[in-house]
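Here's the letter readout for the chains.
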Amino acid sequence: MATIDKDRVIIFDTTLRDGEQALQQSLTAKQKLQIALCLEQLGVDVIEAGFPISSPGDLQSVRDIALALKTATVCGLSRALDKDIDACYEAFKGVDHYRIHTFIATSDIHVHDKLKKSFDDIVDMAVHAVKRARNYTDDVEFSCEDAGRTPIDHLCRMVESAIAAGATTVNIPDTVGYTLPYEFGGIVKTLFNRVPNIDKAVISVHCHNDLGMATANSLSAVMEGARQIECCVNGLGERAGNTSLEEVVMSMKLRQEYMKGVYTNIVTENIARASQVVSGITNEPVPTHKAIVGSNAFAHSSGIHQDGVLKNKSTYEILTPQSVGFKENNMHMTARSGRHMIKAVLENLGYREGSYNLDDVYARFLKLADRKGQVFDYDLEALLFLSHEQEEDTQFELDNLTVLSGGKNVIPTASVRLKIGKRTRTESGTGNGPVDAVFNCISRLTGIRLKLDSFVISAKGSGMNAQGQVDVDVIYENRHYHGKGLSTDVIESSALALISACNSIYRAQIIENEKHEKENA
Ligand code: KIV
Ligand code: ZN
């Protein structure tokens, strides 16, 4: 095990695994890579990039991320099964340093009702899995799934056995978010008191937020000696989510006197951007009152509070917005800006050349700047996401849009031209409003009969410079899909959002077909 400072808490981010598995719609390989690079810039130590056995696409995406990371350790998840562990190795072949994370459930209910095994069998499987993973890498993490509800004698035995088998990190998940902070800290304390070889591994925690305790439970565990926290940006993750990265990091930074001087390597000034990037790419809005990164987190509404803050900010502000990277926008990009400027702005935002196509982004930037005048960095980032999306298996692309609406006795009418694969087709039609008319045309052109579940317009940017972003949530064959469109014209944003949802449905169908072919092969 590499020696690390005993006061440093390793930040293990699982946005791309636990977070991603809970999204309504899975991310494309390029979107995952973009998030991974952003996490690396944030200073995350370990990035759990995916679950390689789950699909060939996931394996390839974990591999792409492993090859692109420079400083963070990449990690792949596996059940305690040979084929899963071998799939991780497959994803990491030729990569200098990587972690295999293998897990098996240890609570009675999971062992007996889910796995239908005895606890002795489970210990054997865990030991075998850790040893197999150790044949491939000396960085092996073992997780006792549902540790929070595991009888303590069993947990002690499992932790000891996993370490003896070669696990360098042992993770104690509160998989169902059931424990309370004093109780969870107590579990970790008992492990430190009773497991004889505990000093041979890093003890990690992975808390779910079902009772809203994930942050408190993780901090309580750190106070008892845990030195790795598993978390997700914006608290994404199964059900109520995982521990939120920004909350644990800022709590440890701000409350040093209670946290016994522990620290992390997170560049806290990059937190706001990471939150926005993850939210933008996953289509999961950050709740306005979300601690640290919500838009209301630094707003003061009541007169008494505003008066206090004007006299001394610390009256009602325990953190400055700047300390987590919220800043005024000061980029002035117009149609006269050259490629170098765009590249420099993107570099400043943390995008390395090679992780995007500059020609493509620049061409889109010029189009936008022509229509909008000044373009801001968030516009550029949005363009980056959209262009990434369109590079991936884009079956439908908007080629032309004409809408006639407004005025008395005018029936809203639209004409939409789409590129569909290599062909171009046009449809015209009416609707009970201009967006409805556009949606009717798109539905006929794509042949996808979906149900619109929600339609939200929001401004990106402020005042007259804002662009309209449309987010749609549609239902197709009982599954939800998101679509996002951004333009200075909200009707066009609406068309782009619906087309993006249709592309997601199309991609999902390709993945489904691949799965069936694999199963039948
Ligand atoms: O919640 C959980 O127990 C997990 C494990 C796979 C670590 O996500
Ligand atoms: Zn989990």
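Residues numbered from 1 in each chain as written. Chains lettered and ligands numbered in written order. Predicted model: local features only at pLDDT ≥ 70, side-chain atom pairs only at ≥ 80, totals over all residues. Heavy atoms only, no water.

Below, the discussion takes up the overall build of the chain. When its secondary structure is counted, the chain shows 17 helices and 14 strands. Here the chain has a C-alpha radius of gyration of 25 Å; the compact-globule value for 521 residues is 24 Å, and the two agree. Each principal axis of the C-alpha distribution contributes one length, and for the chain these read about 80 × 70 × 40 Å. Buried positions account for 52% of the 521 residues belonging to the chain. Contacts in the chain between residues far apart in sequence, at least 24 positions, make up 66% of those at least 6 positions apart. For the chain, the computed accessible surface area is about 23700 Å², with 50% contributed by carbon and sulfur atoms. (Helix = DSSP H or I, 4+ residues; strand = E, 2+ residues; numbered from the N terminus. Rg over C-alpha atoms; globule rule 2.2 N^0.38 Å. Buried < 20%, exposed > 50% of the residue type's maximum accessible area, 1.4 Å probe, protein only. Contact = heavy atoms within 4.5 Å. Areas by Shrake-Rupley, 256 points an atom, 1.4 Å probe, with all protein chains shown as cover.)

Right, let's talk about the site of ligand 1 for a bit. Every residue near ligand 1 is listed here: Arg17, Asp18, His101, Phe103, Ser143, Glu145, Asn171, Pro173, Thr175, His206 and His208. In this structure, an oxygen atom belonging to ligand 1 sits 3.0 Å away from a side-chain N or O atom of arginine 17. The separation between an oxygen atom of ligand 1 and a polar side-chain atom of aspartate 18 is 3.0 Å. For the shell around ligand 1, the secondary structure elements donating two or more residues are helix H1 (15-21), strand S4 (98-105), strand S5 (140-145) and strand S6 (169-174). (Near = heavy atom within 4 Å. Polar contact = N/O pair within 3.5 Å; in protein donor to acceptor, adjacent residues only side chain to side chain.)

What follows is about unusual backbone geometry. Notably, lysine 260 is not glycine yet its phi reads approximately 55°, a positive angle. Looking at the element boundaries, lysine 260 is found in the loop between helix H10 (245-254) and helix H11 (271-282). A residue is classified by how much of its surface remains accessible, and lysine 260, at 58% relative accessible area, is exposed. Residue asparagine 283 is not a glycine yet carries a positive backbone phi of 60°. Within the secondary structure layout, asparagine 283 lies in the loop between H11 and helix H12 (303-311). Since its relative accessible area comes to 14%, asparagine 283 is described here as buried.

The next point concerns the pattern of salt bridges. All chains considered together, the criterion is met by 25 salt bridges. With a shortest N-O distance of 3.6 Å, aspartate 199 and lysine 200 are connected by a salt bridge. One network of salt bridges, in which partners are shared, links Arg17, Asp18 and Glu48. (Salt bridge = Lys/Arg side-chain N within 4 Å of Asp/Glu carboxyl O.)

Here we take up helix H13 (residues 339-348). At 3.6 residues per turn, the α-helix brings residues three or four places apart onto the same side. All buried positions along H13 are accounted for by Ile342, Val345 and Leu346. For H13, the angular spread of the buried residues around the axis is 100°, confining them to a single face. Residues of H13 that are exposed and point more than 90 degrees away from the buried face comprise His340 and Asn348. (Arc of directions from axis to C-beta.)

Bound to the zinc ion (ligand 2) on the protein side are Asp18 (OD), His206 (NE2) and His208 (NE2), at distances that span 2.0 to 2.1 Å. Sequence spacing of the donor residues for the zinc ion (ligand 2), all on one chain, is D-x187-H-x1-H. Per residue, the accessibility class of histidine 206 equals that of histidine 208, and both read buried. (Donors = N, O, S within 2.8 Å, 3.2 Å for Na, K, Ca; no water.)

All right, on to the packing of helix H9 (residues 214-223) against H10 then. Packing of H9 against H10 brings their axes to within 10 Å, and their N-to-C directions diverge by 45°. The angle between the axes of H9 and H10 places the two elements in the oblique class. By crossing handedness, the relation of H9 to H10 is classed as right-handed. The segment H9 lies against H10, with Thr215, Ser218, Leu219 and Val222 engaging Glu247, Val248, Ser251 and Met252. Taken together, the residues of the contact of H9 with H10 break down into four nonpolar, three polar and one charged. (Axes fitted to C-alpha atoms, helices over the stretch in contact; angles between N-to-C directions. Parallel < 35°, antiparallel > 145°, perpendicular 65-115°, else oblique. Left-handed = near helix turned anticlockwise from the far one by under 90°. Nonpolar A, V, L, I, M, F, W, Y, C, P; charged D, E, K, R; others polar.)

Below, the discussion takes up the nonpolar core. With 107 residues, the main nonpolar core has Val159, Val170 and Ile172 as its most contacted residues. Residue-level mapping places this core at the junction of two domains, with at least three residues from each of domain 1 (10-282) and domain 2 (299-378). (Core = buried A, V, L, I, M, F, W, Y, C linked by side-chain atoms within 4.5 Å. Domains from an automatic or database assignment.)

To summarise the sheet geometry, strands pair through backbone hydrogen bonds and adopt either a parallel or an antiparallel arrangement. Within the open sheet, the three strands sit side by side as S9-S10-S11. Their pairing is antiparallel. At either margin of the open sheet sits one strand with a lone partner, and together these are strand S9 (396-404) and strand S11 (423-430). Averaged over all pairs of adjacent strands, the angle between their axes in this sheet comes to 15°, without regard to strand direction. In this sheet, strand S10 (residues 413-420) lies alongside S9 in antiparallel orientation, the contact comprising eight bridges. Bridge pairing links phenylalanine 396 to isoleucine 420 in S10. Contacts from helix H16 (residues 434-446) reach S9, S10 and S11, with the element oriented near 140° to S11. Helix H17 (residues 490-520) contacts S9 and S10 of the sheet and is inclined by roughly 150° relative to S9. (Pairing = 2+ DSSP bridges.)

Taken together, the side chains of Leu452, Phe455, Ile457 and Val490 present a nonpolar region at the surface, about 300 Å² in accessible area. The leading source of residues in the nonpolar patch is strand S12 (residues 451-460), at three residues. Here leucine 452 is to be found in strand S12. By relative accessible area, which is 37% here, leucine 452 ends up partly exposed. (Patch = residues over 30% accessible without salt bridge, like charges linked within 9 Å, V, L, I, M, F, W, Y side chains within 5 Å.)

H10 sits mainly inside the fold: seven of its 10 residues count as buried. The inward-facing, buried residues of H10 abut strand S1 (10-13), helix H2 (29-42), H9, strand S8 (228-231) and H11.

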